[in-house]
Each structure stands twice: as structure tokens, then as C-alpha cells.
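Spelled out from the first residue to the last, the chains are:
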Amino acid sequence: MARVLSCIQPTGDVHLGNYLGALRNWVSGQHANDVFHGIVDLHALTVTDTPGELGRNTIELAAMLFAVGLDPLVATVFVQSHVAEHSQLGWIMECTVSFGELSRMTQFKDKSAKREADFVSAGLFTYPALQAADILLYDANEVPVGDDQRQHIEITRDIATRFNHRFGDTFVLPKAVTPPAGARVMDLTDPTSKMSKSSETEAGCVYMLDAPSVIEKKFKRAVTDSDNEVRYDRDAKPGIANLLDILGAVTNTPATTLADQYHQYGSLKSDCGAAVAEMLAPIQQRYNELIGDPAELGRLLRIGAEKATAVAQVTLERAHRAIGFYPR
Ligand code: ATP
Ligand code: LTN
């Protein structure tokens, strides 16, 4: 059984892209591997400065992770700041990566450029060192990530290799894996950009907690094209291809098969909206039950924190011994 680690930042409302591209695979993969799922609030702190916001986002994201079907007795779902070893190993990682290496990270260049008038924290720069700690603490063999995160897995491998070379074999080298045919969900109003919580308008983004009427309206208004022919062509007909991909992902049917079954945009849009609303209804119901029971959520997160800490402590201890800190 491979040890698999995935993490998600508590930075906003979870949307259909997150679900079809990531969370759904987490749920289906929880029995096949030994999986750890971190809600990485320390990473989100790099771009958050409002009191209380991180905690609220964390509990809402936790409720969503359990609502979509992660089983706290099978998967280890934990909050990063509950496991102090992340910060402790993070510092050691900062001392094992160079300024030059961190300067080459494209995510830092992009994010700091976008925030040019805003506060750019040093944490945004050293972010990959903390991410390396997340991964190495759990001896993770596999880290499922999208293309944007591959560079961070590469630098984690470089850091681990350097540490092992300096101080002796300590860390397992992780491998980036591409999630199984992860649907890439595009924005409904701009089908050439990915559906994202940071997009300009909300109309193109379907949130997990949107009411059925809102979902149906968003699909009805999805941007398509004017030739009125349903066929699967990502380049020429990105709007229609996106709808077919979404309906395909929800109903487990190949998008090209669906394309043959539809002749009108209107019925494709309404079926898509209805299928998504139907898929989300039981998730929303479980979410509402959980979010109304903070004591239970706290209990579930403590189970995760205990399991995560047990593993992380052993690894940190190993790193401390390898470095040769004077023991207390
Ligand atoms: P933002 O929406 O602000 O761009 P994000 O949605 O990429 O952020 P992350 O927390 O970085 O959010 O990603 C969580 C997971 O969801 C990642 O595994 C990411 O690959 C996946 N994901 C995000 N957006 C999409 C999308 N539109 N289609 C498929 N997968 C997605
Ligand atoms: N940087 C990632 C989130 C993240 C992560 C991790 C992913 C933090 N630590 C460890 C995988 C493994 C992102 O922005 N999506």
C-alpha cells in the first residue's frame, strides 16, 4: 500500500472543479492506499490577514471533506496547524533549500506579481519549504497534484536528496502522480479558463453549496457558440466540450458518447444542471448536518490530528537525530 498525501488550502468555497478534479478521487482512493489529507491552514496564512477567517474556512472545508465521503476512520484528515511538526520540520527545510532555488519557483513569481500592491509575505517565498515538510513528514511515496504543483514536488525531492546526502538517509523521496483522468472543469462563462474561486465573476463557478435553482441557472447561462451543433471539440467548441465533460464526469459516460445523444444546446444545459444538482444534493445534506455540529467536527479532526502526529513525530525525531541536535 502506498502512502499518499494530498493537501488543500482553506482559502475559499469549494467548487465543482475542486470536486471533480480532486476531492472525488480522494474519496475513491481512500481504500486502495494509506491516505493522508491535510487542510493546510499555515500555507493559507501566506495570503490571509483577517482574524478568524482561517478558522472558519478550515471548519467549512473539513465539513465538506467529510460530506463528500472521506471516512475519518479510513483516511487521515487533519489540520496542518494541529500538527506542530509541520512548522518544526519547515524550518529545517528552509535551511536545506537555497535562496536561488526558491527564487525560481513559478508559483511565487506569479503570486507575488499578482499581489504587487499588496503585502508579499516572506512566507509566500518560503512556501515550498513548508510544503516539503508536509510531504516528507509522512514518508509519502505519492503526491497527486496538477501540473501547477509539479515544480514543488521536484524541489521537495531536491531538498530530501540534499538532506539525506548531508545527514544520512532520513527521508523517503516522493513522486508526483497525475490524478486519474481528472476532469479539468472550465469556467461556465469563460470556457477557456479553468473554473476557479478566484475568477472575476461568480456566474461561471458552481459552488458545492449552490442551491439547485442557482446551479440550473448557471448552466442555462453557460457560454457556448452559435452554430448549434453538439459535438465534442475542445478547441473549436470549448463551451460545449466543457458541458459534455461535466455531464460525462457526473454520469460516468464518455463525453463523445453523450455528444451523439444531444442535438440541442438547451437540453444539454438543462440535463447538465439537473445532474450536477442531483449529485450535490446528498453532499449538501451531509454538509449541513456536520456544520451544525461543531463538536462532532472537532472530534473527527482530533482523530486525524492524533494519527497524523503519531507519524510526524517519528519522522521529525529521525531528522533531529540525523542532524545531531544535542538531545534534551
Ligand atoms: P483557485 O480555484 O483559486 O484557482 P484552486 O481551485 O486551484 O484555487 P486549490 O486549493 O489550489 O484550489 O486546489 C485544490 C484541488 O482542486 C487541486 O487538486 C486542483 O488541481 C483541483 N482543481 C482546482 N480547480 C480545478 C478545476 N477547475 N478543474 C479540475 N480540478 C481543479
Ligand atoms: N501548494 C498546494 C497545496 C499544498 C500541498 C502540500 C499539495 C500544500 N502542501 C503538500 C500537496 C502536498 C496548492 O497550492 N494546491
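Quantities reported herein were computed from a predicted structural model and do not represent experimental measurements.

Caption draft 1: The arrangement of the pattern of salt bridges in detail. By the definition in use, this model includes 12 salt bridges. Glu 317 is paired through a salt bridge with Arg 321; the nearest N and O atoms lie 3.8 Å apart. Taken together, the positions of Glu 317 and Arg 321, both in helix α13 (residues 294-323) and 4 residues apart, correspond to about one turn of that helix. Residue classification places Glu 317 among the partly exposed residues on the basis of a relative accessible area of 43%. Among the ionic contacts, a cluster of salt bridges with common partners joins Asp 225, Asp 227 and Lys 237.

Caption draft 2: Region of the structure containing the site of ligand 1. Residues in close proximity to ligand 1 total 14 residues, the closest being Asn 18, Val 185, Lys 194, Met 195 and Lys 197. For ligand 1, a nitrogen atom lies 3.1 Å from a polar atom in the backbone of Gly 17. In this structure, an oxygen atom belonging to ligand 1 sits 2.9 Å away from a main-chain N or O atom of Lys 197. Here ligand 1 loses 76% of its free accessible area of 590 Å² to cover by the protein chains. A per-element tally of the shell around ligand 1 places helix α1 (residues 16-29) first, with 4 residues. For the shell around ligand 1, the class distribution of residues is 5 nonpolar, 6 polar and 3 charged.

Caption draft 3: How the structure looks around the site of ligand 2. As a structural note, the neighbourhood of ligand 2 is formed by Leu 5, Cys 7, Gln 9, Val 40, His 43, Tyr 127, Gln 131, Asp 134, Ile 135, Val 143 and Gln 149. Contact between ligand 2 and Gln 9: an oxygen atom at 3.3 Å from a side-chain N or O atom of the residue. With the chains in place, 88% of the 370 Å² that ligand 2 exposes on its own is no longer accessible. Of all elements in the fold, only β1 (3-8) and α7 (122-137) reach the threshold of two or more residues within the shell around ligand 2. Among the elements that make up the shell around ligand 2, the one with the highest residue count is α7 (4 residues). Of the residues in the shell around ligand 2, the class split is 6 nonpolar, 4 polar and 1 charged.

Caption draft 4: Quick look at unusual backbone geometry. Phi is positive for Asp 139, which is not a glycine, with a value near 50°. Among the secondary structure elements, Asp 139 is positioned in the loop between α7 and β4 (142-144). One non-glycine residue with positive phi stands out, namely Asn 252, at about 55°. Among the structural elements, Asn 252 can be located in the loop between α10 (238-251) and α11 (255-261). Classification of Asn 252 by relative accessible area gives exposed; the value is 68%.

Caption draft 5: View of α10. A rise of 1.5 Å per residue sets the reference length of α10, with its 14 residues, at 20 Å; its end C-alpha atoms lie 20 Å apart and thus fit the reference within 8%. Counted residue by residue, α10 has 12 buried out of 14 residues, so it is predominantly covered. The set of residues buried in α10 consists of Pro 238, Gly 239, Ile 240, Ala 241, Asn 242, Leu 243, Leu 244, Ile 246, Leu 247, Gly 248, Ala 249 and Val 250. Looking at the packing, one finds that the buried side of α10 touches α1, α9 (212-220), α11 and α12 (265-291). Following α10 by one or two positions, Asn 252 has its phi on the positive side, about 55°.

Caption draft 6: Summary view of the nonpolar core. Leu 16, Phe 219, Ile 246 and Val 276 are the most contacted members of the largest nonpolar core, which has 60 residues in total. Of all the elements, α12 adds the most residues to this core, at 11 residues. In this structure, Val 276 is in contact with Leu 16, Val 206, Ile 215, Phe 219, Ile 246 and Val 250, ignoring residues within four places of it in sequence. Of all hydrophobic cores here, the second largest spans 35 residues; its members include Phe 78, Leu 124, Leu 137 and Ile 159.

Caption draft 7: The arrangement of empty space enclosed by the protein in detail. Overall, the coordinates contain 1 cavity of 30 Å³ or more when judged by the stated rule. Approximately 40 Å³ is the volume found for the largest cavity. Contributing to the lining of the largest cavity are Gln 107, Phe 108, Leu 124, Tyr 127, Pro 128 and His 152. If you list the elements that add at least two residues to the lining of the largest cavity, you get α6 (106-114) and α7. Here the residues of the lining of the largest cavity are counted per class, giving 4 nonpolar, 2 polar and no charged.

Caption draft 8: Geometry of the environment of Lys 194. Assignment of secondary structure puts Lys 194 in the loop between β5 (175-177) and α9. We classify Lys 194 as partly exposed; its relative accessible area is 48%. Taking the C-alpha atoms as reference, Lys 194 lies 20 Å from Pro 254; in sequence the two are 60 residues apart.

Caption draft 9: Broad picture of the packing of aromatic side chains. For the coordinates displayed, the defined rule picks out 6 aromatic pairs. Their ring planes at 55° and their centres at 4.8 Å tell us that Phe 163 and Phe 167 sit as a pair that is tilted. Highlighted residues: Phe 163 and Phe 167, both in helix α8 (residues 150-167), separated by 4 residues, approximately one helical turn. With relative accessibility at 0%, the residue Phe 163 sits in the buried group. You can call Phe 167 partly exposed: its relative accessible area is 31%. Ring pairs connect the aromatic residues Phe 36, Phe 78 and Tyr 138, which therefore count as one cluster.

Cut-off values and rules
Residues numbered from 1 in each chain as written. Chains lettered and ligands numbered in written order. Predicted model: local features only at pLDDT ≥ 70, side-chain atom pairs only at ≥ 80, totals over all residues. Heavy atoms only, no water. Salt bridge = Lys/Arg side-chain N within 4 Å of Asp/Glu carboxyl O. Helix = DSSP H or I, 4+ residues; strand = E, 2+ residues; numbered from the N terminus. Buried < 20%, exposed > 50% of the residue type's maximum accessible area, 1.4 Å probe, protein only. Near = heavy atom within 4 Å. Polar contact = N/O pair within 3.5 Å; in protein donor to acceptor, adjacent residues only side chain to side chain. Areas by Shrake-Rupley, 256 points an atom, 1.4 Å probe, with all protein chains shown as cover. Nonpolar A, V, L, I, M, F, W, Y, C, P; charged D, E, K, R; others polar. Expected span 1.5 Å × (residues − 1). Contact = heavy atoms within 4.5 Å. Core = buried A, V, L, I, M, F, W, Y, C linked by side-chain atoms within 4.5 Å. 1 Å grid on protein atoms, 1.4 Å probe; cavity = no way out; pocket = protein on both sides within 12 Å on 5 of 7 lines; lining within 4 Å. Points joined across faces, edges and corners; volume = space filled by probe spheres on them. Phe/Tyr/Trp six-rings, centres within 6.5 Å; stacked < 30°, edge-to-face > 60°.

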